[in-house]
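# Report on the structure
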Amino acid sequence: MPTSSIVQLVPTCLVNDLDPEVGFASARVLARMGFHVEVPRGLTCCGQPAHNAGFADEARAVARHTLAVLADTTGPIVVPSGSCADMIVHQYPWLFEGDPDRRDRARAVAERTVEFSQFLLQQPPGRATCGALDARVAYHSSCHLLRGLGVTNTPSLLSSTRGTTVVPLEDQEECCGFGGLFSIKNAEISGRMLDRKLSAVAASGAERLVSCDLGCVLHLEGGARRRALSVRVQHLACFLDEALG
Amino acid sequence: MSGVAMPLTFHGRARAALSDRTLHEALDRATAQLRSRRSTALDSLEHSDYVRDVARRARMTALRNLGALLREFESRLTENGCRVHWADTADDANRIIVRIAAEARVRRIAKSKSMVSEETHLNAALERAGLAVVETDLGEYVTQLAASRPSHIILPIVHMTREQVGRLLQEQLGVPYSDDPQVLAGYARAKLRAEFLRADMGITGANIGVAATGTICLVTNEGNGRMVTTLPRVHVVLMGIEKLVATMADLDAVLKVLARSATGQQLTAYTTLVRGPRRAGDACGPESMHVVLLDNGRTRLLAGESAEILGCIRCGACLNVCPVYRNIGGHAYGDTYPGPVGAVVTPGLRGIGNWAALPDASSLCGACRDICPVRLDIPRMLIAMRQEAVSCTPQPAWLRFGMRAFAWTAARPPMYRIVARLGGAVLRQRARNGWIHRAPGPLGAWTTCRDLRAPARRSFERQWRSRTEARHDRA
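Residues numbered from 1 in each chain as written. Chains lettered and ligands numbered in written order. Predicted model: local features only at pLDDT ≥ 70, side-chain atom pairs only at ≥ 80, totals over all residues.

## Here we look at the overall build of chain A
Counting its regular elements, chain A contains 13 helices and 8 strands. A compact globule built from 245 residues would reach a C-alpha radius of gyration of about 18 Å, and chain A, at 18 Å, matches this within 12%. Counting only C-alpha atoms, chain A reaches 50 × 45 × 30 Å along its principal axes. Relative to its 245 residues, chain A shows a buried fraction of 60%. (Helix = DSSP H or I, 4+ residues; strand = E, 2+ residues; numbered from the N terminus. Rg over C-alpha atoms; globule rule 2.2 N^0.38 Å. Buried ≥ 20, exposed ≤ 12 C-beta atoms within 10 Å, placed from the backbone.)

## Focus on the overall build of chain B
The helix and strand inventory of chain B stands at 22 helices and 12 strands. Once local pairs closer than 6 in sequence are excluded, the contacts in chain B between residues at least 24 apart make up 72%. (Contact = placed C-beta atoms within 7 Å.)

## Notes on the domain arrangement of chain B
Partitioning chain B into domains gives domain 1 (43-299) and domain 2 (397-474). Domain 1 of chain B and domain 2 of chain B are separated by 55 Å when their C-alpha centres are compared. (Domains from an automatic or database assignment.)

## A word on the nonpolar core
The nonpolar side chains of soluble globular proteins are, as a tendency, buried together. Grouped together as the largest cluster of nonpolar side chains are 223 residues, with contacts concentrated most on V78(A), L238(B), V254(B), V292(B) and C318(B). Counting contributing residues per domain, this core is built from domain 1 (43-299) and domain 2 (397-474) of chain B, each supplying no fewer than three. Apart from residues no more than four positions distant in its own chain, L238(B) is found in contact with A93(B), I97(B), S114(B), V116(B), S117(B), L122(B), I203(B), G205(B), V292(B) and L294(B). (Core = buried A, V, L, I, M, F, W, Y, C linked by C-beta atoms within 7 Å.)

## Considerations on helix 9 (residues 162-173) of chain B
All names here are of chain B. Given a rise of 1.5 Å per residue, 12 residues ought to cover 16 Å, and the 16 Å separating the end C-alpha atoms of helix 9 matches this to within 8%. Residues V165, G166 and L169 constitute the buried set of helix 9. For helix 9, the angular spread of the buried residues around the axis is 100°, confining them to a single face. Of the surrounding elements, those touching the buried residues of helix 9 are helix 8 (138-145) and helix 10 (181-198). Positive backbone phi, approximately 65°, marks G174, located one or two places after helix 9. (Expected span 1.5 Å × (residues − 1). Arc of directions from axis to C-beta.)

## Here's the deal with the interface of chain A and chain B
Each side of the interface is counted separately: chain A has 53 residues, and chain B has 49 residues. Looking at the side of chain A that touches chain B, the elements with two or more residues in it are helix 1 (13-17), helix 2 (20-32), helix 3 (48-52), helix 4 (56-71), helix 8 (143-148), helix 10 (182-185), helix 11 (187-204) and helix 12 (214-226) of chain A. Counted by class, the side of chain A that touches chain B contains 23 nonpolar, 18 polar and 12 charged residues. (Nonpolar A, V, L, I, M, F, W, Y, C, P; charged D, E, K, R; others polar.)

## Some points on the packing of helix 2 (residues 21-43) of chain B against helix 12 (residues 248-262) of chain B
The axes of two packed helices give the description: the angle between them and the distance between them. Residue and element names in this part refer to chain B. Look at helix 2 against helix 12: their axes get within 7 Å of each other, and the N-to-C directions meet at 155°. As summarised for this structure, helix 2 and helix 12 are arranged roughly antiparallel, according to the angle between their axes. Across the interface between the two elements, R38, A41 and L42 from helix 2 touch V257, R260 and S261 from helix 12. When the residues that make up the contact of helix 2 with helix 12 are grouped by side-chain class, the tally is 3 nonpolar, 1 polar and 2 charged. (Axes fitted to C-alpha atoms, helices over the stretch in contact; angles between N-to-C directions. Parallel < 35°, antiparallel > 145°, perpendicular 65-115°, else oblique.)

## Things to note about the environment of E469(B)
Residue and element names in this part refer to chain B. Tracing the backbone through its elements, the reader meets E469 in helix 22 (residues 460-474). You can call E469 exposed: it has 10 C-beta atoms within 10 Å. For E469 and A253, which are 216 residues apart along the polypeptide, the C-alpha to C-alpha distance reads 63 Å.

## A look at helix 5 (residues 82-95) of chain A
Residues and elements named next belong to chain A. Between the first and last C-alpha of helix 5 there are 18 Å, a value that for 14 residues agrees with the 20 Å anticipated at 1.5 Å per step. Its axis deflected by about 35° at I88, helix 5 carries its strongest bend there. Most of helix 5 sits out of view: 11 of its 14 residues are buried. Regarding helix 5, the residues found buried are G82, S83, C84, A85, D86, M87, I88, V89, Q91, Y92 and L95. (Bend = angle between axes of the 7 residues up to and from the residue.)

## Details of unusual backbone geometry
A positive phi angle is found at A147(B), which is not glycine, with a value near 50°. With respect to the helices and strands, A147(B) occurs in the loop between helix 8 and helix 9.

## With respect to the sheet that holds strand 7 (residues 234-240) of chain B
All names here are of chain B. Spatially, 6 strands are ordered 1-10-7-4-2-3 in an open sheet, and the strand pairing comes out parallel. The sheet terminates laterally at strand 1 (83-87) and strand 3 (132-135), the two strands that pair on one side only. The mean inter-strand angle of the sheet, taken between neighbouring strand axes irrespective of direction, is 20°. Where strand 2 (residues 108-111) meets strand 4 (residues 201-204), 3 bridges bridge the pair, whose relative direction is parallel. Counterpart to I109 in the pairing with strand 4 is M201. (Pairing = 2+ DSSP bridges.)

## A short note on the packing of helix 2 of chain A against helix 13 (residues 236-244) of chain A
All names here are of chain A. Put simply, helix 2 and helix 13 touch, their axes get as near as 8 Å, and they point 50° apart. When the axis of helix 2 is compared with that of helix 13, the two are oblique. For the crossing formed where helix 2 meets helix 13, the hand is left-handed. On helix 13, the residues that touch E21, V22, A25, S26, R28, V29 and R32 of helix 2 are A237, C238, L240, D241 and L244. (Left-handed = near helix turned anticlockwise from the far one by under 90°.)

## Section: the confidence of the model for chain B
Any region with low pLDDT has predicted coordinates that should not be read closely. On average, residues of chain B carry a pLDDT of 94, and 99% of them reach 70 or more. The complex model carries a pTM of 0.96, and its ipTM stands at 0.96. (pLDDT = per-residue confidence, 0-100.)

## Examining the sheet that holds strand 3 (residues 77-79) of chain A
Residues and elements named next belong to chain A. Spatially, 2-1-3-4 is the arrangement adopted by the 4 strands of the open sheet, whose pairing is parallel. Of all strands in the sheet, those with a lone pairing partner are strand 2 (36-38) and strand 4 (113-115), marking the two edges. Averaged over all pairs of adjacent strands, the angle between their axes in this sheet comes to 35°, without regard to strand direction. Two elements, strand 3 and strand 4, share 3 bridges in a ladder whose sense is parallel. Each bridged residue has a counterpart across the sheet, and for V78 the counterpart in strand 4 is V114. Running over the sheet, helix 5 touches strand 3 and strand 4 and is turned about 160° from strand 4.

## Focus on the pairing of strand 1 (residues 6-9) of chain A
All names here are of chain A. Across 3 bridges, the pairing between strand 1 and strand 2 is parallel. Residue pairing for strand 2: I6 is matched across the bridge by H36. Pairing of strand 1 with strand 3, which is carried by 2 bridges, proceeds in the parallel orientation. Along strand 3, the bridge assignment pairs Q8 with I77.

## Quick look at the environment of S48(B)
All names here are of chain B. Along the chain, S48 falls in helix 3 (residues 48-64). Look at S48 and you get partly exposed, because 16 C-beta atoms sit within 10 Å. Along the backbone, S48 and V245 are 197 residues apart, and their C-alpha atoms lie at a distance of 20 Å. Residues in contact with S48, not counting those within four places in the same chain, are L42 and D43.

Right, here's the structure in full:
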């Protein structure tokens, strides 16, 4: 196996403990594309919950650990979560601004880190595999993927699936209201943002709602269940895995 | 909301706003319209990225050289015949303006829209001194009649429907009810025309000051700024010390993005440049002109992590795209500057102590950073403000303890696994068919409006290792 085709799959803390299937689906899709998937040992969390809450020391403590684990690996680091990828790519270098050694290591790791859909989109056309799935699908861009990492063409992965129709959402790019701890500390505002997003989904006639961040997925899925909506909320990896059969 | 006491906490105000249907109707209508106008105006501008970069550079350079620019600005203003006053605090600014009014025997004042005067509660101070003040911007005039405060930086009454405005004018001015904006503006115009002519003093803010020439730039759509600066015999400008650019070219750079971002216009209907009082031979203009430069926490903000926020040109675009603002409106923020920019500016100017809830009121979605014409990284500043809150203000015990425990265990994978498994087991006990309807502790807030997926019995990593090891064994 040439080293160039090794990829490191980061099972984020949410995938690891709440929805392992997203990890397996990501691994299967990557394997289908010819990559040898490794999962680094000893990963826990990227530290984003502490960082976004303003607990900088705590965030740094976790980031130091994750950085050490990732720096010890080779190949692209693929993260099936826009916000965790943004944490490593943009926030680590900021957290270690005052620590030149770690800052350099953070930059080197950031260079290798890509979000899952971003990684698929970077592959040459020959390598990309298109599956087939009959479905009307709405896409919710996670904000950190869209505006943090600037990845705008993820829906093309859905529309290139045979039989899949991507339906637009009203206020397509508006936040779903997850926002990590925001969903707990400002649950009422978060819930209202969720209402709006789910109304837009319901109005779109989509059977499925696909997103690239398990945080958003859990929030939207839990919200849809509470409101007894029939839409199926899925992580992109699970959708593509299903389409590839 | 006139006469109705606002709840004291951010959460109380937000809750009240969330249940106000009229507010949502008004906000949805206005913000959607502004968003689409803005994107036509700014995004369709040729080289719009470059134009934004130039505007940003103009503001950031000014902030870096603020001390020198302020001295230059003061010299130019003085040469132009203005009196310059420095105010450390809001009270100082109000006292200075009351004194100017007393010395000039002023009785009636006409004001054009100024957020800084909202910040200092200038109207109340003037009224306490026995002066009659009237707001001449239509939205601000309505706000004044309603004894309310603006809820948006450029649209003071965005929270009101035109039906509400119609009823208010009917009540306050004794005019027949109408919900036709043209008719309502006509009512106000008739009233305000008389006020302009009677006023002894005009008070304005400053959208931008130009240090090299001592120019005050005002942008308005109603022309009231022009009347306030020319008809009364005294003109007072109240501005924050950060609202400067170095040169007229820099002013041009900022004006290119200001109206486009604010209202979607290429330029506002009136752009007024004022350099001093009436000179011999001038047809009109005030006999004397004063410029009051207000600090009120800006110097401290400039020295901190979030100094960049002082580059804000107050276009209000970040409010129109903010999903939080869109749901709770401006009043919930509790102070002069609402929305994402306010969530940084308010704690920045007033201290984090009583305002820690504002930077928390964001999902960090980044829509504000994307839309900002001068590219302020508001999400990063919100995090910096949260960091300040964590070091300087009390935090709920569960959060402080939880974060400490999280950091300690997350750096020690075996410990982390034990805690995650225990936590998972506790949560699974609450689950039915893999979902939790009511979660315990702080997670209870999650289940107020959504179900919670029960944690997996075996983590991804554990399953992965056993599968890959099984494969290795087979091989």
